[in-house]
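Coordinate analysis (summary)
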Amino acid sequence: MQRPGFVHHLRGLVGDDGVVDRPEALLVYECDGYTLERSSPELVVLPRTPAEVAQVLRLLWAEGIAFVPRGAGTGLSGGTLPVGSPIMVCTSRLQEIESIDIANRRVVAQAGVVNLWVSRAVAHAGLLFAPDPSSQTACTIGGNVAENSGGPHTLKYGVTTNHVLGVELVLPTGEVAQLGGPVEDRIGYDLTGLVVGSEGTFGLVTRATLRLSRAPESYRTFLAVFDSVGEASEAVSGLIDSGILPAALEMMDGLILRAVEDAFHAGLPVDAEAVLLIELDGPETGLDSQSEEVRTICAEHHAVEVRSARDDAERALLWKARKRAFGAVGRLAPNYCTQDGVVPRTQVPEILRRISATAEKHALRIGNVFHAGDGNIHPIILFDERDRDEVKRVLAAGREILEACVELGGSVTGEHGIGVEKIAQMPLLFSPQDLHAMTTLRSVFDPERRANPHKLLPDSKVCVEARAPRRQAAM
Ligand SMILES: Cc1cc2nc3c(=O)[nH]c(=O)nc-3n(C[C@H](O)[C@H](O)[C@H](O)COP(=O)(O)OP(=O)(O)OC[C@H]3O[C@@H](n4cnc5c(N)ncnc54)[C@H](O)[C@@H]3O)c2cc1C
């Protein structure tokens, strides 16, 4: 219960337009990209500066109130769902890129800076910020840090944690901690690495020092066409085994590619059962010989054709088809849900066999479009929500696929995080001792569970249970 004068005090800190409390305005914040569960916060606070974030958290601490951090709300595991905390602190006004250091290849960006803005700000110098989630036109640096986000080029360039040198973290008490950065290879514990991927459960990140990478000089982009998903996935293993490291290695199966072609007319081979989108990048020298190797490996795995993009326009068309794949899925069924799991790359053929067996067992249609090179699968289960029995089978199939990922040495999430969505699956991966150790670690930063409570780590007090399949899709 908030004390009288609390909201007035908040407005004093962040301005009248920095507090959202009208019910209709709060609707925007009732869920993120995980739309299955919804719950409106009582208040959303929009600080304008990192210093205001610290003042707001200090006030909340004094009032004994927990908070939920939020960036752009594109998260896909319900990390911004306000369970057990009525106040949301949103970084959307922390939009400044505070410094750009081209010579040392780093920038300091506030948490609300949109991912793509960083690369745009340094493109003139031939640099970029490598993590490129497909949501990069909207998602924020703070959200990327919290989720340790990946993207299509994760295969070669790594995920967010590989590109963050330091963070400023405001603890739930309002104290400000500077962790890591700007120097590479700091001694002592890697506290920055600990914060990256902590899903807002340690406090609120207000700034990050980001490592910049050189933009590739050249690209070669291929579409390899196969008569079976099995052959395509064996080719994935073959490519990885060969030592070539593609910048991206993506797969679409026949079900998905026909829907994509129907929707976007990108010239995809509608008779095929699977295609691989393979991209090489780097210095021009050497790309042709690697391209030959790619063609040879695909042929060895019975590719019926390997097309290559002849120019930037063709490359853009292939990527458009891949990135818009989910937009086309609505043509296949009234509803669909997407799972996000990961297996070791060598297990891609096996997990695809298991997905196919699961589809058969539950009489469901499942399409696949995913980051094959990372072993990060996104099976799309098609259904009709009016059919209650089918809904139950979809939930069972989703569970079984994730269990298979774990059994094959993988994990229940490749890139979307645990949030509230996958809390129930944490014990599949971690023993009670592991979970206890993580809870103890969390207590170092947040002993009273004030930062994003009831997320990431299971607790006995709140459980958001899946009653219907999730519908959103992303890659
Ligand atoms: C179309 C689409 C495509 C996507 N593609 C990808 C993809 O390719 N790869 C990928 O990894 N993900 C992808 N995602 C998921 C999502 O975009 C990422 O997880 C992204 O990093 C979330 O950023 P956000 O600013 O929207 O964070 P939010 O959704 O607002 O928050 C996500 C989590 O981070 C916490 N958080 C946010 N800001 C802070 C902060 N400043 N300090 C502490 N905690 C914070 C929140 O509490 C929440 O737990 C996609 C999503 C969509 C909708």
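Residues numbered from 1 in each chain as written. Predicted model: local features only at pLDDT ≥ 70, side-chain atom pairs only at ≥ 80, totals over all residues. Heavy atoms only, no water.

**Focus: the sheet that holds strand E5 (residues 97-101)**
Strand order in this open sheet of five strands is E5-E6-E10-E8-E9, and the pairing throughout is antiparallel. Each of the sheet's edge strands pairs with one partner strand only, and the pair in question is E5 and strand E9 (176-180). Strand after strand, the sheet turns through a mean of 10° between neighbouring axes, direction not considered. Taken together, the six bridges between strand E8 (residues 164-170) and strand E10 (residues 204-211) define a ladder with antiparallel strand orientation. Looking across to E10, one finds that Leu169 is bridged to Val205. Along the sheet, helix H3 (residues 50-63) contacts E5, strand E6 (106-110), E8, E9 and E10; its crossing angle with E10, the most-contacted strand, is approximately 150°. (Pairing = 2+ DSSP bridges. Helix = DSSP H or I, 4+ residues; strand = E, 2+ residues; numbered from the N terminus. Axes fitted to C-alpha atoms, helices over the stretch in contact; angles between N-to-C directions. Contact = heavy atoms within 4.5 Å.)

**What about the layout of surface pockets?**
Here the largest pocket defines a volume of roughly 740 Å³. Looking at the largest pocket, it is lined by 42 residues, and the ones nearest its centre are Thr74, Gly75, Gly143, Asn144 and Glu147. Broken down by secondary-structure element, the contributors of at least two residues to the lining of the largest pocket are strand E3 (67-70), helix H5 (141-147) and E10. If you tally residues by element for the lining of the largest pocket, the top one is H5, at six residues. (1 Å grid on protein atoms, 1.4 Å probe; cavity = no way out; pocket = protein on both sides within 12 Å on 5 of 7 lines; lining within 4 Å. Points joined across faces, edges and corners; volume = space filled by probe spheres on them.)

**Let's talk about the state of the cysteines**
Scanning the model with the defined rule gives zero disulfides in all. Of the cysteine sulfurs around Cys31, a residue in no disulfide, the closest is that of Cys90, at 14 Å. Judged by its relative accessible area of 13%, Cys31 falls in the buried class. Of all cysteine sulfurs, the one in Cys405 lies closest to Cys337, which takes part in no disulfide; the gap is 14 Å. Under the relative-accessibility criterion, Cys337 is labelled buried at 5%. (Disulfide = S-S within 2.5 Å. Buried < 20%, exposed > 50% of the residue type's maximum accessible area, 1.4 Å probe, protein only.)

**What about helix H16 (residues 432-445)?**
Here H16 is 14 residues long and its end C-alpha atoms lie 21 Å apart, about the 20 Å a rise of 1.5 Å per residue gives. For H16, the complete set of buried residues consists of Leu435, Arg442 and Phe445. An end-on view of H16 places all buried positions within 60° of arc, on one side of the element. For H16, exposure combined with an orientation more than 90 degrees from the buried face picks out Gln433, His436 and Val444. Contact partners of the buried residues in H16: E8, helix H7 (191-195) and helix H15 (426-429). (Expected span 1.5 Å × (residues − 1). Arc of directions from axis to C-beta.)

**Things to note about the pattern of salt bridges**
Opposite charge on two side chains permits them to pair, given that their charged atoms come into close proximity. All chains considered together, the criterion is met by 25 salt bridges. One salt bridge in this structure joins Asp101 and Arg106, with 3.6 Å as the shortest N-O distance. Given a relative accessible area of 22%, Asp101 falls into the partly exposed group. Overall, Arg106 belongs to the partly exposed group, its relative accessible area being 21%. Counted as one network, the salt bridges with shared partners bring together Glu350, Arg353, Arg354 and Glu407. (Salt bridge = Lys/Arg side-chain N within 4 Å of Asp/Glu carboxyl O.)

**Here we look at the pairing of strand E20 (residues 379-383)**
Counting buried residues along E20, five of its five residues qualify, which places the element largely inside the surrounding structure. Every second residue of E20 is oriented toward a common face, with Pro379, Ile381 and Phe383 on one face and Ile380 and Leu382 on the other, all of them buried. Judged from the four bridges that link them, strand E16 (residues 335-338) and E20 form a sheet pairing that is antiparallel. Paired with Thr338 across the two strands is Ile380, which belongs to E20. Taken together, the four bridges between strand E18 (residues 365-370) and E20 define a ladder with antiparallel strand orientation. Directly across from Arg365, in E20, lies its bridge partner Leu382.

**Quick look at the side chain of Thr206**
Tracing the chain through its elements places Thr206 in strand E10. Classification of Thr206 by relative accessible area gives buried; the value is 0%. Within the structure, the side chain of Thr206 is placed 2.7 Å from the side chain of Glu168, a separation counted as a polar contact. With residues up to four places along the chain from it excluded, the contact list for Thr206 reads Pro50, Val53, Leu94, Ala109, Gln110, Ala111, Glu168 and Val170. (Polar contact = N/O pair within 3.5 Å; in protein donor to acceptor, adjacent residues only side chain to side chain.)

**Focus: the packing of helix H8 (residues 229-241) against helix H13 (residues 348-361)**
Packing of H8 against H13 brings their axes to within 8 Å, and their N-to-C directions diverge by 155°. Accordingly, the angle class assigned to the pair H8 and H13 is roughly antiparallel. Taken together, the residues of H13 that come into contact with H8 (itself represented by Val229, Ser233, Glu234 and Ser237) are Val348, Pro349, Leu352 and Arg353. Across the contact of H8 with H13, the residue classes tally to four nonpolar, two polar and two charged. (Parallel < 35°, antiparallel > 145°, perpendicular 65-115°, else oblique. Nonpolar A, V, L, I, M, F, W, Y, C, P; charged D, E, K, R; others polar.)

**Here we look at the packing of aromatic side chains**
Counted by the stated rule, this structure contains one aromatic pair. Ring plane angle 5° and centroid distance 4.2 Å describe the contact between Phe202 and Phe445, whose orientation is recorded as stacked. Placement of Phe202 in the loop between H7 and E10 and of Phe445 in helix H16 is noted, with a sequence separation of 243 residues between them. The pair formed by Phe202 and Phe445 is uniform in burial state, with each residue classed as buried. We note Arg315 situated over the ring of Tyr219; from NZ or CZ to the ring centre the distance is 3.7 Å. Lying over the aromatic face of Trp61, Arg450 brings its terminal NZ or CZ to 4.2 Å of the ring centre. (Phe/Tyr/Trp six-rings, centres within 6.5 Å; stacked < 30°, edge-to-face > 60°. Lys NZ or Arg CZ within 6 Å of the ring centre and 35° of its normal.)

**A word on the nonpolar core**
Judged by nonpolar contacts, the single largest core of 43 residues is most densely connected at Phe226, Leu276 and Ile278. Element by element, the count of residues in this core is highest for helix H14 (residues 388-407), at six residues. Setting aside anything within four residues of it in sequence, one finds Leu276 in contact with Phe222, Leu223, Ala224, Phe226, Ala232, Ala235, Val236, Leu239, Leu249, Glu250 and Met251. One finds Val225, Val260, Leu318 and Ala328 within the second-largest nonpolar core, a separate group that totals 25 residues. (Core = buried A, V, L, I, M, F, W, Y, C linked by side-chain atoms within 4.5 Å.)

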